[in-house]
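Descriptive analysis of the structure
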Amino acid sequence: MGERMKSILGAAAVGGIVAYIGIEYLFYPAMAANPPDQVDAILSSPWDIVLYVLILVVFLDVFVQKVGNTMVTAMSFATAQILIVDVFYVMNGNRAAYPAVMSAIVLLVFWYVIAKVYDALA
């Protein structure tokens, strides 16, 4: 890891700067201009879940073709989602720890099952 420290620290510094600028000057103003209680759902449940999962699996398929390993791809997706909606939201106070842990478990099981079925039917 020592030989990669320069790359790790450089990427973290640049990523942090871009994230800060993007969140503070683009994302937060966009959210303030469009409060969640004033936004209509595109699809009603359960069709929203059906379409969402279909989109996820299509993206999984595209990335599996590039990566070549379904489980690595699925767990990469799960890890990214967990880092965004569970770790970061707990750290900034938008989510309590217990729901974050439950969400992480659901995401891991969700992606694991999808990868197993995808491989079984491939």
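Residues numbered from 1 in each chain as written. Predicted model: local features only at pLDDT ≥ 70, side-chain atom pairs only at ≥ 80, totals over all residues. Heavy atoms only, no water.

1. So, the confidence of the model for the protein chain
Inclusion rule: A residue's pLDDT is the confidence the predictor assigns to it, expressed on a 0 to 100 scale. Strands here are runs of E lasting at least two residues and helices are runs of H or I lasting at least four, both read from the DSSP assignment and numbered beginning at the N terminus.
Considering every residue of the protein chain, the mean pLDDT works out to 93; 100% of them sit at 70 or more. Mean pLDDT values for the elements of the protein chain range from 93 in helix H1 (residues 5–33) up to 96 in helix H4 (residues 97–121).

2. Side note on the nonpolar core
One broad trend across soluble globular proteins is that nonpolar side chains are buried collectively. Rules: In these notes, a set of buried Ala, Val, Leu, Ile, Met, Phe, Trp, Tyr and Cys residues joined through side-chain atoms within 4.5 Å is what counts as a nonpolar core. Relative accessible area decides the class of each residue, using a 1.4 Å probe on protein chains only: under 20% of the type maximum gives buried, over 50% gives exposed, and in between gives partly exposed. Residues count as neighbours in contact if any of their non-hydrogen atoms are within 4.5 Å of one another.
Among the nonpolar cores identified, the biggest contains 9 residues, and these are Leu 56, Leu 60, Val 64, Ala 74, Phe 77, Ala 78, Trp 111, Ile 114 and Ala 115. For this core, the elements supplying multiple residues, two or more each, are helix H2 (47–67), helix H3 (70–91) and H4. Sequence-distant contacts of Phe 77, that is, excluding residues within four places in its chain, are made with Leu 56, Phe 59, Leu 60, Phe 63 and Trp 111.

3. Some details on H4
Basically, it comes down to this: Helix span, as expected, comes to 1.5 Å for every residue beyond the first.
For H4, with 25 residues, the first-to-last C-alpha span of 36 Å sits near the 36 Å given by 1.5 Å per residue. For H4, every residue scored as buried is listed here: Ala 100, Ser 103, Ala 104, Leu 107, Trp 111, Ile 114 and Ala 115. As for H4, its buried residues are in contact with H2 and H3.

4. Points about H2
Note the threshold: The arc in question is the one spanned by the directions pointing from the helix axis to the C-beta atoms.
With 21 residues, H2 extends 30 Å between its outermost C-alpha atoms, agreeing within 8% with the 30 Å of an ideal straight helix rising 1.5 Å per residue. Restricting attention to buried positions, one finds in H2 the residues Leu 56, Leu 60 and Val 64. In an axial view of H2, the angular spread of the buried residues amounts to 75°, which keeps them on one side of the axis. Exposed residues pointing more than 90 degrees away from the buried face of H2 are listed as Trp 47, Leu 54, Gln 65 and Lys 66. Looking at the packing, one finds that the buried side of H2 touches H3 and H4. Directly after H2, the chain includes Gly 68, whose backbone phi takes a positive value near 90°.

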